[in-house]
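Survey of secondary and tertiary structure
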Amino acid sequence: MSQPTLNPDVADEAPHGDTLTPYDKAHFITYARLLDAEAEGADWCEVSRIVLHRDPDAEPDRTRRCWETHMTRAHWMVERGYKELVGGK
């Protein structure tokens, strides 16, 4: 696996489905940061500004959708997607 970028730009929506994508691999650290913030009880707006590079004040719907889809994908990664990273299905 190539090295993930530490603070990459993100798409408006994260991928979905049951297959690990190049986007997932490139955003592995993004997903980890989102899960860490969730575990700490961080406000989704602040997390969106810092991790997702979105402004919830200027674009609340777009930002919320971006945050929701990336959180969903982050959870998928730790529940199922990681298996592809470690060599199994």
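Summary of the structure given here.

Parameters at a glance
- Residues numbered from 1 in each chain as written.
- Predicted model: local features only at pLDDT ≥ 70, side-chain atom pairs only at ≥ 80, totals over all residues.
- Heavy atoms only, no water.
- Salt bridge = Lys/Arg side-chain N within 4 Å of Asp/Glu carboxyl O.
- Helix = DSSP H or I, 4+ residues; strand = E, 2+ residues; numbered from the N terminus.
- Buried < 20%, exposed > 50% of the residue type's maximum accessible area, 1.4 Å probe, protein only.
- Core = buried A, V, L, I, M, F, W, Y, C linked by side-chain atoms within 4.5 Å.
- Contact = heavy atoms within 4.5 Å.
- Disulfide = S-S within 2.5 Å.
- Axes fitted to C-alpha atoms, helices over the stretch in contact; angles between N-to-C directions.
- Parallel < 35°, antiparallel > 145°, perpendicular 65-115°, else oblique.
- Phe/Tyr/Trp six-rings, centres within 6.5 Å; stacked < 30°, edge-to-face > 60°.
- Lys NZ or Arg CZ within 6 Å of the ring centre and 35° of its normal.

The subject of this paragraph is the pattern of salt bridges. Under the defined criterion, the tally for this structure stands at 9 salt bridges. A salt bridge links Arg49 to Glu46; the nearest nitrogen and oxygen atoms lie 3.6 Å apart. Residue Arg49 and its partner Glu46 are both found in helix α3 (residues 44-52); the two are separated by 3 residues, about one turn of the helix. Under the relative-accessibility criterion, Arg49 is labelled partly exposed at 32%. Judged by its relative accessible area of 39%, Glu46 falls in the partly exposed class. With a closest N to O distance of 3.6 Å, Glu79 and Arg80 form a salt bridge. The exposure class of Glu79 is partly exposed, given its relative accessible area of 44%.

For the rest of this paragraph, the subject is the nonpolar core. Counting residues in each nonpolar core, the largest one holds 17 residues, and the members touching the most others are Tyr31, Leu34, Val47, Leu52 and Trp67. Those elements giving two or more residues to this core turn out to be α2 (28-39), α3 and α4 (60-85). Counting residues per element, this core draws most heavily on α4, at 6 residues. Excluding residues that lie within four positions of it along the chain, Trp67 makes contacts with Leu34, Trp44, Val47, Ser48 and Leu52.

Take the state of the cysteines next. By the definition in use, this model includes 0 disulfides. Left unpaired, Cys45 is separated from the closest cysteine sulfur, that of Cys66, by 12 Å. What makes Cys45 buried here is its relative accessible area of 19%.

Interaxial distance between α3 and α4 falls to 10 Å at its minimum, and their mutual angle equals 80°. Comparing their axes, α4 and α3 come out roughly perpendicular. Of the residues in α4, those in contact with Trp44, Val47, Ser48 and Leu52 of α3 are Pro60, Thr63, Arg64, Cys66, Trp67 and His70.

Tallied over the entire structure, the rule returns 1 aromatic pair. Centre to centre, the rings of Trp44 and Trp67 are 5.8 Å apart; their planes meet at 45°, and the pair counts as tilted. Taken together, the positions of Trp44 in helix α3 and Trp67 in helix α4 put the pair 23 residues apart, joining distant regions of the chain. In this structure, Arg64 packs its charged tip against the face of Trp44, placed 4.7 Å from the ring centre.

Bear in mind that shape data such as this cannot, by itself, settle questions of function.
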